[in-house]
Amino acid sequence: MATVCVGLTGTIVHADVSSKYVHSTTPTLFFHGYGSGAHAEKYMVNGFVKAGVSKTVITADVASNGTVTLKGKIAHNAINPLVMVNFDNSRTTDYALQGQWVKNVLEELQAQYHFKKVNIEAHSMGNMAVMYYLLANAGNHNLPQIQKQVAMAGTFDGAIGWNEPASLTINKKTGKPSSMNDTYQKLLPLRHRYPTQIKLLNIYGDLKDGNDSQVSNASCQSLKYLINNRTRSYREIKITGPDAKHELLHHSPQVNKILIKFFWGK
C-alpha cells in the first residue's frame, strides 16, 4: 500500500480501495467530542484509508452560527467516502443546538451530493449531538437515513465529576439507569421513535474499574434503554487495556479493526 496522508482539507495521496470491503457510495461521518475537533478523527480516518476502505476524505466545518462549509470534493460514485465533521464551537453543551448542526451537515451533503443514506460514528459528547439530532428528526424521511451508527464512549447519562448521577448503575437486561440526569430524560421520547433501520454498535472502555477515566460504563450502556429494542441490531463491545482510556479509544488499532468490520466488512 502506498503512503497515505489525510489533511483537514480532505487531501488524499496514493490510496487504493481494496476489494476486501463493501463498495458503497454511502458516506460515513465522524463527530468529535467536547473541546475537540476534526483533528481527533484523523487517526481513525487515516487508518481506514491505509487499510484500503476508501480514498475519499472531506471535512465538514460547522461555524458557530451553524453554517456548514465542505472542504474537499467527493467524486461521483466515490467508494465509501469519509466525512470528518468539525464543530468550531466545540465547548457548548447546548445539545439541541448541536443536533441542529448535525442536521445542517446532513442537509449540506444532501444538497451537494444527493446522499439518501449515511453512516455515523461519534465519540464522547459527540454522541449527544447525534442523539439530539435523532430526537428532533427521527421521523423526517426527507433527510439522509442513518444505516449504521457507532457510539464510542458516549456520555448518555453524563460524565464523571460533571453531570453523571452518583453511584450510577444500569439494569443489565433493559439498560435502564438507576438515575437519569436532565439531558438523558429529554431523550426518553427516542424509546418510541428510534429509527428501526439502524444497526448500532456501542463501544466503551473499561480501565478495570468500570469506567474509561471520564465516563462510566453504566452511562455508556444506558444507550440500550433509549433504543428500546427498536434498532435493526444492537451490540456492545467493551475495550480493555491501555487503549480503553477515554481519549485513546479513537486512537486504537483494535478499535479501528472493529469499525472497519462493522461499517465495511463483507
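These remarks concern the structure in this document. (Residues numbered from 1 in each chain as written. Predicted model: local features only at pLDDT ≥ 70, side-chain atom pairs only at ≥ 80, totals over all residues. Heavy atoms only, no water.)

1. Let's talk about the packing of helix α1 (residues 42-51) against helix α7 (residues 253-264)
The geometry of α1 relative to α7 is characterised by a closest axis approach of 10 Å and an angle of 60° between their N-to-C directions. In this structure, α1 meets α7 at a crossing whose hand is right-handed. Across the interface between the two elements, Tyr 43, Met 44, Gly 47, Phe 48 and Ala 51 from α1 touch Pro 253, Asn 256, Leu 259, Ile 260 and Trp 264 from α7. Class assignment of the residues belonging to the contact of α1 with α7 gives a composition of 8 nonpolar, 2 polar and no charged. (Axes fitted to C-alpha atoms, helices over the stretch in contact; angles between N-to-C directions. Helix = DSSP H or I, 4+ residues; strand = E, 2+ residues; numbered from the N terminus. Left-handed = near helix turned anticlockwise from the far one by under 90°. Contact = heavy atoms within 4.5 Å. Nonpolar A, V, L, I, M, F, W, Y, C, P; charged D, E, K, R; others polar.)

2. A closer look at the pairing of strand β6 (residues 145-152)
Taking burial as the measure, the 8 residues of β6 include 7 buried ones, the bulk of the element. Strand direction decides the pairing type here: strand β5 (residues 117-123) and β6, joined by 7 bridges, are parallel. Bridged to His 123 within β6 is Met 152. Where the polypeptide runs from β5 across helix α3 (residues 126-137) and back to β6, its parallel neighbour, the crossover connection is right-handed. In the sheet, β6 pairs with strand β7 (residues 199-205) via 5 bridges, with the strands oriented parallel. Within β7, the residue paired with Ala 151 across the bridge is Asn 202. (Buried < 20%, exposed > 50% of the residue type's maximum accessible area, 1.4 Å probe, protein only. Pairing = 2+ DSSP bridges. Right-handed = clockwise from strand over helix to strand, strands pointing away.)

3. Quick word on empty space enclosed by the protein
Inspection of every chain in the model, using the stated rule, returns 2 cavities of 30 Å³ or more. Tyr 133, Leu 134, Asn 137, Ala 138, Asn 140, Pro 144, Gln 145, Ile 146, Pro 195 and Gln 197 together form the lining of the largest cavity. Contributions of two or more residues to the lining of the largest cavity are made by α3 and β6. Here the lining of the largest cavity gets 3 residues from one element, more than from any other, and that element is α3. (1 Å grid on protein atoms, 1.4 Å probe; cavity = no way out; pocket = protein on both sides within 12 Å on 5 of 7 lines; lining within 4 Å. Points joined across faces, edges and corners; volume = space filled by probe spheres on them.)

4. Comments concerning the pairing of strand β1 (residues 28-31)
Side chains Thr 28 and Phe 30 project from β1 onto one buried face, and the interleaved Leu 29 and Phe 31 project onto a second face that is buried too. The pairing of β1 with strand β4 (residues 82-87) spans 3 bridges and is parallel. By the bridge assignment, Thr 28 is partnered in β4 with Leu 82. Sheet topology note: the β1/β5 ladder contains 4 bridges and is parallel. Looking at β5, one finds that Thr 28 is bridged to Asn 119.

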